[in-house]
Amino acid sequence: MNDKCWICRRTVEPYSWNYSQPGAHIKCPICGEHRLSERLANKLGLYPLDNSYVFSAAIREQNEKGLVPWVEDLEELKSSVAIPHGPLEAIDRILLHIYKKMSSASEFLEINPETDFPLGYAHDASEFEFLIQKALELFYLEEGPFQQQYRLALNGWRRIDHLRQNEVKSNQAFVAMWFNNDLDDAWLNGIKPALEQTGYAPLRIDLKQHNEKIDDQIIAEIRKSGLLVADFTGQRGGVYFEAGFAMGLGIPVIWTCREEDVAKLHFDTRQYNHIVWNDAADLREKLIARIEATLPNRVSRSR
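Rules used throughout
Residues numbered from 1 in each chain as written. Predicted model: local features only at pLDDT ≥ 70, side-chain atom pairs only at ≥ 80, totals over all residues. Heavy atoms only, no water. pLDDT = per-residue confidence, 0-100. Contact = heavy atoms within 4.5 Å. Helix = DSSP H or I, 4+ residues; strand = E, 2+ residues; numbered from the N terminus. Polar contact = N/O pair within 3.5 Å; in protein donor to acceptor, adjacent residues only side chain to side chain. Phe/Tyr/Trp six-rings, centres within 6.5 Å; stacked < 30°, edge-to-face > 60°. Buried < 20%, exposed > 50% of the residue type's maximum accessible area, 1.4 Å probe, protein only. Lys NZ or Arg CZ within 6 Å of the ring centre and 35° of its normal. Pairing = 2+ DSSP bridges. Right-handed = clockwise from strand over helix to strand, strands pointing away. Arc of directions from axis to C-beta. Salt bridge = Lys/Arg side-chain N within 4 Å of Asp/Glu carboxyl O. Axes fitted to C-alpha atoms, helices over the stretch in contact; angles between N-to-C directions. Parallel < 35°, antiparallel > 145°, perpendicular 65-115°, else oblique. Nonpolar A, V, L, I, M, F, W, Y, C, P; charged D, E, K, R; others polar.

Visitor: Honestly, the confidence of the model for the protein in this entry has me stumped. Any pointers?
Guide: In regions of low pLDDT, the predicted coordinates are not meant to be interpreted in detail. For the protein, per-residue confidence averages 87 on the pLDDT scale, and 91% of positions sit at 70 or higher. For residues 297–303, every residue scores under 50 in pLDDT, and the model assigns this stretch 22 contacts once sequence neighbours within four places are set aside.

Here it is, written out as structure tokens:
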């Protein structure tokens, strides 16, 4: 049995390495709920984690979306979220958390800086308290009758209305790939059925009827998507752009490439954990497994 979180090193409920399922199911008061691979735990035992607050925050953000992430590749975890740029974006995350947890407009929500600082991607409780104070000064929040209680003020509701216009709440999966006859089988018998069997509605932009400029339509559809699958077979520049754009929005990206093209991958993206496939059946099974491993509480596989 173990009693520490490998990410933040705080005390957690005892857990064990369950070999009937991958990794250990850890419930951390700081990081949140996640499944950790034993391989990563062994690595973290040798080399303490720098900037652990970023990874704690990424797990908490996944929890906020109703997900229990599989944590094995830290770069992949980091790329699954959009890290706030500056204190204003960090305050936005706190406002969204309060909004989603409130059961009525008048309710005060308790927030404990000692355990909730990852909600604002803060380094620690002190920085989180600074963010809360600035949210109060902006009249985004109102303090409650007791310590550490807050609710949205009028300016906060206005800010939430703005943020919700861009929030992704979709089971749509955008597929970025080379539109070449050579990949028709990979699409029809690999990517498309894998997404459908894991609860997603796949969208390939060349198969969608529209009247707008195609680049505007691509941006709009990625913004509406809850997942992006990027297949780099053929090394198309558009696929690199679409994957990067989705990452910037915090939309999870799954990277795939046919085995014969792996050596041609651009050096900027080689560090990501690509699904390397040989044929459509191989791609389908590996893609299903990756979705179920990384987004286990998001999908409902049909059989």
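Visitor: How do you make sense of the side chain of threonine 198 when you look at a structure like this?
Guide: Take threonine 198: it is sitting in the loop between helix H8 (184–197) and strand S10 (201–203). Polar side-chain contacts of threonine 198 include one of 2.8 Å to the backbone oxygen of alanine 194.

Visitor: Would you explain the packing of aromatic side chains in this entry?
Guide: Ring pairs (aromatic) are described by centroid distance and by the angle formed between their planes. Using the criterion set out here, one finds six aromatic pairs in the structure. A ring pair is formed by tyrosine 15 and tryptophan 17, whose centres lie 6.2 Å apart and whose planes are at 85°; its orientation type is edge-to-face. Considered together, tyrosine 15 and tryptophan 17 belong to a single accessibility category, that of buried residues. Note that lysine 4 overlies the ring of tryptophan 6, its terminal NZ or CZ placed 4.4 Å from the centroid. Lying across the ring of tryptophan 187, arginine 204 places its NZ or CZ 5.2 Å from the centre.

Visitor: Help me out: how do you make sense of the environment of aspartate 279 in this one?
Guide: The residue aspartate 279 is located in the loop between strand S13 (275–277) and helix H11 (280–294) in this model. Between the alpha carbons of aspartate 279 and alanine 293 there is a distance of 21 Å; along the sequence they are 14 residues apart. Here the side chain of aspartate 279 touches aspartate 282 through a polar contact of 2.8 Å, landing on its backbone nitrogen.

Visitor: What is the right way to look at the sheet that holds strand S8 (residues 149–152) in this model?
Guide: The strands that make up a sheet are held in pairs by hydrogen bonds between backbone atoms, and each pair lies either parallel or antiparallel. Spatially, S6-S8-S7 is the arrangement adopted by the three strands of the open sheet, whose pairing is antiparallel. Two strands bound the open sheet, and with one partner strand each, they are strand S6 (109–110) and strand S7 (141–143).

Visitor: Would you explain the pairing of strand S12 (residues 253–258) in this entry?
Guide: One face of the sheet, then the other: side chains in a regular strand alternate in exactly this way. With six of six residues buried, S12 is to be regarded as a mostly interior element. Taking every second residue as pointing to the same face, both faces of S12 are buried, with Val253, Trp255 and Cys257 on one and Ile254, Thr256 and Arg258 on the other. Both strand S11 (residues 227–231) and S12 contribute to a ladder of four bridges, which runs parallel. Paired with aspartate 231 across the bridge in S12 is threonine 256. A crossover links S11 with its parallel partner S12, the connecting element being helix H10 (residues 237–248), and its sense is right-handed. Note: S12 against S13, three bridges, orientation parallel.

Visitor: Whenever I open this one, the side chain of arginine 60 confuses me. Can you help?
Guide: Examined against the element boundaries, arginine 60 turns out to sit in helix H2 (residues 52–64). Within the structure, the side chain of arginine 60 is placed 3.4 Å from the backbone oxygen of proline 29, a separation counted as a polar contact. Not counting residues up to four positions away in its chain, the partners in contact with arginine 60 are Pro29, Ile30, Cys31, Gly32, Thr115, Asp116, Pro118 and Leu119.

Visitor: Hey, could you run me through the sheet that holds strand S4 (residues 32–36) in this one?
Guide: As summarised here, the arrangement of the three strands in space is S3-S4-S5, forming an open sheet in which the pairing is mixed. Among the strands making up the open sheet, the edge pair consists of strand S3 (24–28) and strand S5 (70–71).

Visitor: How should helix H7 (residues 154–164) be read in this particular structure?
Guide: Because an α-helix packs 3.6 residues into every turn, residues spaced three or four apart end up facing the same way. Within H7 the residues assigned to the buried category are Gly156, Ile160 and Leu163. What you see down the axis of H7 is that its buried residues fit within an arc of 65°, all on one side. Among the exposed residues of H7, those oriented more than 90 degrees off its buried face are Leu154 and Arg158. At its buried positions, H7 is contacted by helix H4 (87–101) and S8.

Visitor: Before we go on, may I ask you to explain the pattern of salt bridges in this structure?
Guide: Side-chain pairs of opposite charge can arise whenever the charged atoms involved come near each other. For the structure shown, the criterion picks out 13 salt bridges. Between arginine 151 and glutamate 142 there is a salt bridge, with its nearest N and O atoms 2.8 Å apart. When its relative accessible area of 31% is taken as the criterion, glutamate 142 is described as partly exposed. If you follow the salt bridges from partner to partner, you end up with Asp182, Arg258 and Glu260 in one network.

Visitor: Explain the packing of H4 against helix H6 (residues 125–137) here, please?
Guide: Packed helices, taken two at a time, are described by the angle between their axes plus the distance between the axes. Contact pair H4 / H6: the axes reach a minimum separation of 10 Å and the direction vectors enclose 85°. Judged on the interaxial angle alone, H6 and H4 are roughly perpendicular. Touching Pro87, Ala90, Ile91 and Ile94 of H4 are Phe128, Leu131, Ile132, Lys134 and Ala135, all from H6. Looking at the contact of H4 with H6 residue by residue, the classes come out as eight nonpolar, no polar and one charged.

Visitor: Before we go on, may I ask you to explain the environment of cysteine 257 in this structure?
Guide: Position of cysteine 257 among the secondary structure elements: in strand S12. In the structure, cysteine 257 is positioned 27 residues away from alanine 230 in sequence and 8.3 Å away in space, judged by C-alpha atoms. Among residues more than four places away in sequence, those in contact with cysteine 257 are Asp231, Phe232, Thr233, Gln235, Val262, Leu265, His274, Ile275, Val276 and Trp277.

Visitor: Would you mind going over unusual backbone geometry with me for this structure?
Guide: Glycine aside, a negative phi is what most residues show, and trans is what most peptide bonds show. Even without being a glycine, tyrosine 121 presents a positive backbone phi close to 55°. Topologically, tyrosine 121 is positioned in the loop between helix H5 (113–116) and H6. Taking relative accessible area as the criterion, tyrosine 121 reaches 7% and is therefore assigned buried. Although it is not a glycine, glutamine 148 sits at a positive phi angle of roughly 60°. With respect to the helices and strands, the residue glutamine 148 is situated in the loop between S7 and S8.

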